[in-house]
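# Structural characterization, general
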Amino acid sequence: MLDRAETPIGRRRQRWKRSIYGSFGVGIVALLGGVGLGFDLVGAIGYFLGVTVGGALCLYACLLGSVTISDERFADIERRASHYTLMGLAYTGLATFPALFVLEAAGEFEFSQPLDTVLLTFSALFLLWGAVYTTLRIRS
Amino acid sequence: MKNDLRSRREAEDLSQEELAVAVDVTRQTINAIERERYDPSLELAFDLAAHFECSIEDIFEPEEE
């Protein structure tokens, strides 16, 4: 019995995955290379093309392709990864920002522009999460 | 959850890939279920039971707490 990607379908799945990951990889390398070498526009175009092609391949494979490249277990892993990431960010934010607010009120600390941006990004992320959560809860 | 998916699959001389194709999941998911590292959804459990022409309880057994 063959229990690795040695069957035709296994090989097709591997080719799909390599094409998708490869496209994203080329886009990222193009961006980093372009920025690093001073060709920002070329890098950005390479990134756009890589991500667009990768995204299109991913959509095609998931919606129309005959090979299953993702299933309920991967969806479950993604849900758990999102949960742990959000919880980590939430606890980090809750442990950090209130303390900084107190320190700022006491005149011991001043929010810098980058930290303000981080705080706004945090707030926007959790506002968006709350909106999505509320929508899903109402619909379920 | 305990299960005897591997023995049932091997009794039918199926590879993980072949079973995965039959129930429309990836080989890794079949492997994870066999190693009892992933509990399938009810829908997939029904598909597996239908494939082996048995009931879900014949394949899966809840872990005793």
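Residues numbered from 1 in each chain as written. Chains lettered and ligands numbered in written order. Predicted model: local features only at pLDDT ≥ 70, side-chain atom pairs only at ≥ 80, totals over all residues. Heavy atoms only, no water.

## Structural notes on the overall build of chain A
The condition that has to hold: Each helix corresponds to a stretch of at least 4 residues labelled H or I by DSSP, and each strand to a stretch of at least 2 residues labelled E; elements are numbered beginning at the N terminus. Atoms considered for the radius of gyration are the C-alpha atoms alone. The globule rule reads 2.2 Å times the number of residues to the power 0.38. Exposure classes here rest on a 1.4 Å probe applied to the protein chains alone. A residue is buried below 20% of its type maximum, exposed above 50%, and partly exposed in between. Surface accessibility follows the Shrake-Rupley procedure with a 1.4 Å probe radius. Residue values consider only the protein chains on display as shielding.
Looking only at helices and strands, one finds 4 helices and 0 strands in chain A. Starting at the N terminus and ending at the C terminus, chain A contains elements arranged as α-α-α-α. For chain A, whose C-alpha radius of gyration is 21 Å, the value lies well above the compact-globule estimate of 14 Å for 140 residues. Each principal axis of the C-alpha atoms in chain A carries an extent, and together these give about 70 × 50 × 30 Å. Considering chain A as a whole, with its 140 residues, one finds that 19% of them fall into the buried category. Here chain A has roughly 10100 Å² of accessible surface; of this, 69% comes from carbon and sulfur atoms.

## Things to note about a nonpolar patch on the surface
All names here are of chain A. Note the cut-off: A patch consists of residues whose relative accessible area exceeds 30% and which take part in no salt bridge; residues with like charges are grouped when within 9 Å of each other, and nonpolar side chains (Val, Leu, Ile, Met, Phe, Trp, Tyr) when within 5 Å. Here, a salt bridge means any Lys or Arg side-chain nitrogen found within 4 Å of an Asp or Glu carboxyl oxygen.
Taken together, Leu 41, Ile 45, Phe 48 and Leu 49 make up a surface patch of nonpolar side chains, about 440 Å² in accessible area. With respect to the helices, strands and loops of the structure, Phe 48 is situated in helix 2 (residues 40–63). Owing to a relative accessible area of 54%, Phe 48 belongs among the exposed residues under this scheme.

## Notes on the side chain of B:Thr29
Inclusion rule: Any two residues whose heavy atoms approach within 4.5 Å are treated as being in contact.
Tracing the backbone shows B:Thr29 in helix 3 (residues 27–34). Ignoring sequence-local partners within four residues, the contact set of B:Thr29 consists of A:Asp71, A:Arg73, A:Phe74, B:Tyr38 and B:Leu44.

## Quick look at the packing of aromatic side chains
Residues and elements named next belong to chain A. Worth spelling out the cut-off: To pair, rings of Phe, Tyr and Trp, with the six-membered ring standing in for Trp, must have centres within 6.5 Å; the planes then decide the type, stacked if under 30 degrees apart, edge-to-face if over 60, and tilted in the middle.
One pass over the full model with this rule turns up 6 aromatic pairs over all chains. Geometrically, the ring pair formed by Phe 122 and Phe 126 is tilted, given 6.2 Å between the ring centres and 40° between the ring planes. Of this pair, Phe 122 and Phe 126 are both found in helix 4 (residues 113–139), 4 residues apart, which corresponds to roughly one turn of the helix. With centroids separated by 5.1 Å and ring planes inclined at 15°, the aromatic side chains of Trp 129 and Tyr 133 adopt a geometry described as stacked. With a gap of 4 residues between them, Trp 129 and Tyr 133 both fall in helix 4, about one helical turn apart.

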